[in-house]
Amino acid sequence: QVQLVESGGGLVQPGGSLRLSCATSGSIFSINRMGWYRQTPGKQRELVADITARGSPVPNYSDSVKGRFTISRNNAENTVALQMNSLKPEDTAVYYCNAYTLVNDWIRRDYWGQGTQVTVSS
């Protein structure tokens, strides 16, 4: 089992910045990748960014956030962070920390944080 606890989020004006952080605990040695998803009412949860859990960090970003958001991990503290710059109103969503383990080559097991609200508005 993996536990995820998020912090950060809140209200920011367009063009502003926010930083989300996620603390991981439990069977963290089994995590393959970890990252952030977001969801707005009536829409499916979508990937924002994720990164390899160990070894050389290999990030992956959705096209909508490339160049504005940066994902990073701290293995010593077992945390993953999302630095969000140049925020836009369309970035408004509930952001969820995610980690997954591989059951086999085809099946993954996802773990989720409780979610944190990010609102971009003037």
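Everything that follows concerns the structure shown earlier in this document.
Fair warning: this is a prediction, and the values are worked out from it, not measured in the lab.

Student: Would you mind going over the pairing of strand S8 (residues 79-84) in detail, with residue names and values included?
Tutor: Along S8, 5 of the 6 residues are buried, which leaves the element largely enclosed by surrounding structure. Of the strand pairs in this sheet, strand S3 (residues 18-26) and S8 are connected by 6 bridges, and their pairing is antiparallel. Bridging across to S8, Ser 21 finds its partner in Ala 81. Judged from the 6 bridges that link them, strand S7 (residues 69-74) and S8 form a sheet pairing that is antiparallel. The residue of S8 that forms the bridge with Thr 70 is Gln 83. Here S7 folds back onto S8, and the loop between the two strands holds 4 residues, one of which, Asn 78, carries a positive phi near 55°.

Student: Quick one: what's the story with the sheet that holds S3, residue by residue and with numbers?
Tutor: Backbone hydrogen bonds hold the strands of a sheet together, and the pairing may be parallel or antiparallel. With antiparallel pairing, the 4 strands of this open sheet are ordered in space as S1-S3-S8-S7. The open sheet has two edge strands, strand S1 (2-7) and S7, and neither has a second partner. Geometrically, the sheet is characterised by an average inter-axis angle of 20° between neighbouring strands, direction not taken into account.

Student: Run through the environment of Thr 40, naming residues and quoting values.
Tutor: Position of Thr 40 relative to the elements: it lies in the loop between strand S4 (33-39) and strand S5 (46-52). Once the C-alpha coordinates of Thr 40 and Thr 92 are considered, the two residues, 52 residues apart in sequence, prove to be 7.6 Å apart. Leave out the neighbours within four places in its chain, and Thr 40 touches Thr 92 and Ala 93.

Cut-offs and rules
- Here the residue numbers are simple positions, counted from 1 along each chain's written sequence.
- The model is predicted, so local features are restricted to residues of pLDDT at least 70 and side-chain atom pairs to those at 80 or more, both for listing and for counting; the totals for chains, interfaces and linings are taken over all residues.
- Each side-chain value is derived from all of the structure's non-hydrogen atoms; neither hydrogens nor water enter the calculation.
- Relative accessibility thresholds used throughout: buried, under 20% of the residue-type maximum; exposed, over 50%; partly exposed, between the two (1.4 Å probe, protein chains only).
- The numbering of helices and of strands both runs from the N terminus, where a helix is a DSSP run of H or I of at least 4 residues and a strand a run of E of at least 2.
- Should DSSP find at least two bridges between two strands, the strands are regarded as paired.
- Throughout, an axis means a line fitted to C-alpha atoms (over the contacting stretch in the case of helices), and angles, computed between N-to-C directions, take values from 0 to 180 degrees.
- We call two residues in contact when some of their heavy atoms are within 4.5 Å.

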